[in-house]
Amino acid sequence: MIKAFKYRIYPTDDQKVLMSKHFGHCRWVYNWGLDTKSKSYTLTGKSPSKFDLSNLLPSMKKQEATVWLKEVNSQSLQASLENLDMAFNAFFNKQSEFPKFKSKNNSKQTFTIPCGVEVDYDHGRVWLPKFKEAIKIKLSRKIVGRITKSTVSRNASGEYYISILANDELELPTKPTLTDKHEVLGIDVGIKDFCTTSEGVVVENPKFLRSTQEHLTLLQRKLSHKQKGSKNRKKAQLKIAKLHQTIVNKRTDFLHKLSTRLVRENQAIAREDLNVKGMMQNHKLARAISEVAWTQFDSMCEYKTEWYGKWYLQIGRFDASSKTGNECGHYYKELTLDQRTWICPTCGIVYDREVNAALNIRDWAFITWNREQNEIKIPTDGGKSKSVRLKGDKQRKPKKVASGKVFAGQKDVSARTSESPTL
């Protein structure tokens, strides 16, 4: 099992200069490789591989125009070409856009070290290739396993970090068998409250960005009055970057603590697949949605369930978890975003919007998991199957067929009509 350990490092002035050379040289090699591959493909229809480009580096170090490439770790230059190759593979697999040239003006600068990193726990130092002296490091925890790869980064606020990947050679824990829906914790996220669980627990939204908005606005107003290219403008930019970094650190700490606690205390975590990118198109809610970082929270829950041997389940993004009564299954089409509670016209139960959604997420996710494990179709109340899916299903948009049903992968589920609920 491979895990990442990220630490703050404190290089000296001379070490910062050498790190800046690593950032710049690796960025230049990446851009050179991208330009070479693009031009070659335009002229010949073929592009050189990462091995072909790596074989050209030794001869380039002997040329007068590029002899400065000797100043940095050669393996870091090769790692830049490896990252470029991964970017092209992601593009061809339709996972990202075409690779872009890197800029020295980017707020974050990085370079990768494939091997040769040593950590001194007794003196709080880390040894990097090409650096004559060890670098001071703040070790918050001990690295478990064999170090495979490391990445040094510098953010916009001028802080330096090193992220170390280590392989502990251990297998992932075996996941338990779920026998009851109450072993699954349904989580419904929101803006007013960060999330509500199927157990009725409400986690408040800390609103880290909103609490510092006045201070941030003041700093940005001062920045707008500074002359472009002046030292005072750079100082003002640094103050804004440090404030943003403080917000990011608080949010990340909150998400890590919450996700770890939820995963450890439950056998399975159930979430709904939200179209966050589409929701961000609403300019009235875009800032609030980006502030809560739902995607980052889901990512943390997903990989931590693998670490601890728990289940991470998801229901479809078009399942009306808020508008469907958990007790009777009635679909309340008139529910609007500003209604936090609603009375079911069928059974008369007063539903809390978030708690009801969390309960439906829990129940529908458990039904899907049970059907996946037993390879049978389990109907819900009323004899109809819910259009839900387990995390990892590739077919997200079922294809409608003439029989009035749709097929999600190999599973037969009920078809949706023009009156079907949407989130």
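## Structural notes on the overall build of the protein
From N to C terminus, the protein includes 10 helices and 17 strands. Sequence separation of 24 or more characterises 64% of the internal contacts of the protein that already satisfy a separation of 6 or more. For the protein, the accessible area works out to roughly 24800 Å², and carbon and sulfur atoms hold 51% of it.

## Considerations on the environment of Leu-139
Secondary-structure assignment places Leu-139 in the loop between β5 (135-138) and β6 (146-154). Spatially, the C-alpha atom of Leu-139 lies 9.0 Å from that of Lys-6, the residues being 133 residues apart in sequence. When sequence neighbours within four positions are dropped, the list of residues in contact with Leu-139 reads Tyr-7, Val-119, Asp-120, Tyr-121 and Gly-124.

## Here we look at helix α10 (residues 353-374)
If you check α10, its first and last C-alpha atoms are 32 Å apart, about what 22 residues at 1.5 Å a residue would give, namely 32 Å. The buried fraction of α10 is high, at 18 of 22 residues. For α10, the side-chain oxygen to backbone nitrogen distance between the N-cap and Glu-354 is 3.2 Å, and the N-cap itself is Asp-352.

## Quick notes on the sheet that holds strand β1 (residues 2-10)
Judged by pairing direction, the sheet is antiparallel, and its seven strands sit side by side in the order β2-β6-β7-β1-β5-β4-β3 without closing on themselves. Each having just a single partner strand, β2 (109-113) and β3 (118-120) make up the two edges of the open sheet. Pairs of neighbouring strands in the sheet enclose a mean axial angle of 35°, with direction left out of account. By the bridge criterion, three bridges tie β3 to strand β4 (residues 125-127) in an arrangement that is antiparallel. When the sheet's bridge partners are listed, Asp-120 is paired in β4 with Arg-125.

## Side note on the environment of Phe-111
Inspection of the secondary structure puts Phe-111 in strand β2. The sequence separation of Phe-111 and Ser-150 amounts to 39 residues, and the corresponding C-alpha distance is 8.7 Å. Apart from residues no more than four positions distant in its own chain, Phe-111 is found in contact with Met-19, His-22, Phe-23, Cys-26, Ser-76, Ser-150, Thr-151 and Val-152.

## Remarks on the confidence of the model for the protein
With 88% of its residues at a pLDDT of at least 70, the protein reaches an overall mean of 86. Strand β16 (residues 405-408) is the least confidently modelled element of the protein, averaging 31 in pLDDT, while β5 averages 96, the highest of any element. Note that residues 376-423 has pLDDT below 50 and, in this model, 88 contacts with residues that lie over four places away or in other chains.

## With respect to the sheet that holds strand β11 (residues 268-272)
Either a parallel or an antiparallel arrangement is found when strands of a sheet pair, and the pairing is made through backbone hydrogen bonds. Spatial strand order, β10-β9-β8-β11-β12: five strands in an open sheet with mixed pairing. Of all strands in the sheet, those with a lone pairing partner are β10 (202-204) and β12 (311-315), marking the two edges. Across the sheet, the mean angle from the axis of one strand to that of its neighbour is 25°, orientation sign disregarded. Sheet topology places β11 next to β12; five bridges connect them, and they run parallel. Across the sheet, Glu-272 pairs through a bridge with Ile-315, a residue of β12. Sheet strands touched by helix α6 (residues 231-265): β8 (184-189), β9 (193-197), β10 and β11. Its angle to β9, the strand with the most contacts, is close to 0°. In the packing of α10 onto the sheet, contacts are made with β8, β9, β11 and β12, and the angle to β8 comes to roughly 135°.

## Some details on the pattern of salt bridges
Where charged atoms from two side chains of opposite charge come close, those side chains can pair. In this structure the tally under the stated criterion is 14 salt bridges. The closest approach of N and O atoms between Lys-39 and Asp-35, which form a salt bridge, is 3.3 Å. Highlighted residues: Lys-39 and Asp-35, both in helix α1 (residues 13-44), separated by four residues, approximately one helical turn. Residue classification places Asp-35 among the partly exposed residues on the basis of a relative accessible area of 29%. A salt bridge links Asp-363 to Lys-181, with the shortest nitrogen-to-oxygen separation between them at 3.9 Å. Placement of Asp-363 in helix α10 and of Lys-181 in the loop between β7 (160-167) and β8 is noted, with a sequence separation of 182 residues between them. Within this structure, Lys-181, Arg-362 and Asp-363 form a network of salt bridges that share partners.

## Observations regarding a positive patch on the surface
Side chains of Lys-222, Lys-226, Lys-231, Lys-234, Lys-235 and Lys-239 sit close together on the surface and give a patch of like positive charge. Turning to its location among the elements, Lys-234 is positioned in helix α6. Residue class for Lys-234 comes out exposed when judged on its relative accessible area of 58%.

## Considering the pairing of β5
Judged by which residues are buried, β5 turns out to be one-sided: Ile-135 and Ile-137 face inward and are buried, whereas Lys-136 and Lys-138, on the alternate face, are not. As paired elements, β1 and β5 share three bridges and run antiparallel to each other. For Arg-8, the partnering residue across the bridge sits in β5 and is Lys-138. Sheet topology places β4 next to β5; two bridges connect them, and they run antiparallel.

Conventions adopted
- Sequence order sets the numbering: in each chain, residues are counted from 1 along the sequence as written.
- For this predicted model, a pLDDT threshold of at least 70 governs which residues receive local features, and a threshold of 80 or more governs which side-chain atom pairs are given and counted, while totals over whole chains, interfaces and linings are taken from all residues.
- Only hydrogens and water are removed before side-chain values are computed, so all heavy atoms of the structure are retained for them.
- Counting from the N terminus, the helices are DSSP H or I runs at least four residues long and the strands are E runs at least two residues long.
- Here, two residues are considered to be in contact whenever any of their heavy atoms come within 4.5 Å of each other.
- Here, Shrake-Rupley sampling with a 1.4 Å probe gives the accessible areas, and only protein chains in the shown set may cover a residue.
- Expected helix span is computed as 1.5 Å times (number of residues minus one).
- Burial classification: accessible surface area is computed with a 1.4 Å probe over protein chains only, and a residue below 20% of its type maximum counts as buried, one above 50% as exposed, and the rest as partly exposed.
- The term polar contact refers here to a pair of N or O atoms within 3.5 Å; inside protein, the definition further demands a hydrogen-donor-capable atom paired with an acceptor-capable atom, and it admits residues adjacent in sequence only when both atoms are side-chain atoms.
- Each pair of strands is called paired provided DSSP finds at least two bridges between the two strands.
- A fitted line through C-alpha atoms represents every axis, and for helices the fit uses only the stretch in contact; the resulting angles, taken between N-to-C directions, go from 0 to 180 degrees.
- pLDDT runs from 0 to 100 and stands for how confident the predictor is about each residue.
- By salt bridge we mean one thing: a side-chain nitrogen of Lys or Arg within 4 Å of a carboxyl oxygen of Asp or Glu.
- A residue counts toward a patch only above 30% relative accessible area and without a salt bridge, and it is joined to like-charged neighbours within 9 Å or, for Val, Leu, Ile, Met, Phe, Trp and Tyr, to nonpolar neighbours within 5 Å.
- Counted as positive: Lys and Arg. Counted as negative: Asp and Glu. His and the chain ends are not counted at all.
- By convention, the charge on Lys lies at NZ, on Arg at CZ, on Asp at CG and on Glu at CD.

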